[in-house]
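A look at the structure
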Amino acid sequence: MTIAIYPGSFDPITNGHVSLIQSGLHAFEKIVVAVLSNPKKTPLFTVNERIEMIRESIDDASGGPEERVEVDSFEGLLVDYCRQKGAKIVLRGLRAVADFEYELQMANMNRHLEPGIETMFIMANDAYFYVSSNLVKEAATLGGEVSRLVPPSVGPKLYAKLGR
Ligand code: PNS
């Protein structure tokens, strides 16, 4: 079975992430969405909240339980987590040119750490080319309307978290 690990912060999941997972399911038999649990960062949502929102968003988008997507969290090195899951592919999305350098560095660092693991990229859907969790949070914090950029179940949780 071809398993791809789709790692990220997902704080929170956006429509861009959902679209990427749906595209990835055309190429891979199973996708493990892996939420980074990073004790050094202070995310808006806890790891459990993020996992719950991802699960709900994927199932909503698939019209029922999506058995081919597992949602999990990891700590430490991504390559160690891949080994633990028996996965040789890391899946990442590419948006604007600005993503390229960061992604190239990460892919090469991961290849250095574990040559048996390849990073594969899917170009972001043009509808969500400009959407990132950070920009969504920033806009929402400043009073912007971002409900159409995140899955239906995420918008109310985002505004509730921000006290709006
Ligand atoms: O959504 P993000 O924040 O761009 O995702 C970044 C992520 C989680 C993929 C990256 O920070 C990561 O893999 N962290 C785990 C630590 C690690 O393996 N570092 C070495 C390779 S760069």
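In this report, we go over the structure that sits alongside the text. Keep in mind that this is a model prediction, so the values were computed, not measured.

**Quick word on the side chain of T14**
With respect to the helices and strands, the residue T14 is situated in the loop between strand 1 (3-8) and helix 1 (15-27). Classification of T14 by relative accessible area gives buried; the value is 2%. Looking at T14, its side chain comes within polar contact range of the main-chain nitrogen of G16, at 3.1 Å. Excluding its chain neighbours within four sequence positions, the residues that come into contact with T14 are V131, S132, S133, V136, L149, V150 and P151.

**A few points about helix 2 (residues 47-62)**
The terminal C-alpha atoms of helix 2 lie 22 Å apart, and with 16 residues this matches the ideal 22 Å at 1.5 Å per residue to within 8%. What helix 2 keeps buried is the set V47, R50, I51, M53, I54, S57 and I58. One side of helix 2 holds all its buried residues, which, seen down the axis, span an arc of 165°. In helix 2, the exposed positions that point more than 90 degrees away from the buried face belong to N48 and E52. In this structure, the buried side of helix 2 is in contact with helix 1, strand 2 (30-36), strand 3 (69-74) and helix 6 (154-161).

**Description of the site of the ligand**
Looking at the ligand, there are 13 residues lining it, with S9, L78, R92, Y102 and N110 nearest. Here an oxygen atom of the ligand sits 3.0 Å away from a polar atom, N or O, in the side chain of R92. When the ligand is considered free in solution it has 550 Å² of accessible area, and contact with the protein chains removes 75% of it. If you list the elements that add at least two residues to the shell around the ligand, you get strand 1 and helix 4 (97-113).

**Details of the environment of I21**
With respect to the helices, strands and loops of the structure, I21 is situated in helix 1. For I21 and Y6, which are 15 residues apart along the polypeptide, the C-alpha to C-alpha distance reads 8.1 Å.

**Describing the pairing of strand 3**
Within a regular strand, side chains alternate between the sheet's two faces. Pairing of strand 2 with strand 3 involves six bridges; the strand directions are parallel. When the sheet's bridge partners are listed, V33 is paired in strand 3 with V71. Running through helix 2, the crossover from strand 2 to the neighbouring parallel element strand 3 is right-handed.

**Section: the pattern of salt bridges**
A full pass over the atoms with the stated rule returns twelve salt bridges. The partner of R92 in a salt bridge is E103, and the shortest N-O contact between them spans 2.8 Å. Residue R92 is found in strand 4 (residues 89-94), and its partner E103 is found in helix 4; the two are separated by eleven residues along the sequence. The pair formed by R92 and E103 is uniform in burial state, with each residue classed as buried. Salt bridges linked by common partners bring K30, E70, D72 and K85 together as one network.

**Notes on the environment of S23**
Counting through the fold element by element, S23 comes out in helix 1. Given a relative accessible area of 30%, S23 falls into the partly exposed group.

**Observations regarding the sheet that holds strand 5 (residues 118-123)**
One open sheet accounts for five strands, arranged 3-2-1-4-5; its pairing is parallel. The outermost strands of the open sheet, each flanked by one partner alone, are strand 3 and strand 5. Taking the axes of each pair of neighbouring strands and ignoring which way they run, one obtains an average angle of 35° across the sheet. Of the strand pairs in this sheet, strand 4 and strand 5 are connected by six bridges, and their pairing is parallel.

Parameters at a glance
Residues numbered from 1 in each chain as written. Predicted model: local features only at pLDDT ≥ 70, side-chain atom pairs only at ≥ 80, totals over all residues. Heavy atoms only, no water. Helix = DSSP H or I, 4+ residues; strand = E, 2+ residues; numbered from the N terminus. Buried < 20%, exposed > 50% of the residue type's maximum accessible area, 1.4 Å probe, protein only. Polar contact = N/O pair within 3.5 Å; in protein donor to acceptor, adjacent residues only side chain to side chain. Contact = heavy atoms within 4.5 Å. Expected span 1.5 Å × (residues − 1). Arc of directions from axis to C-beta. Near = heavy atom within 4 Å. Areas by Shrake-Rupley, 256 points an atom, 1.4 Å probe, with all protein chains shown as cover. Pairing = 2+ DSSP bridges. Right-handed = clockwise from strand over helix to strand, strands pointing away. Salt bridge = Lys/Arg side-chain N within 4 Å of Asp/Glu carboxyl O. Axes fitted to C-alpha atoms, helices over the stretch in contact; angles between N-to-C directions.

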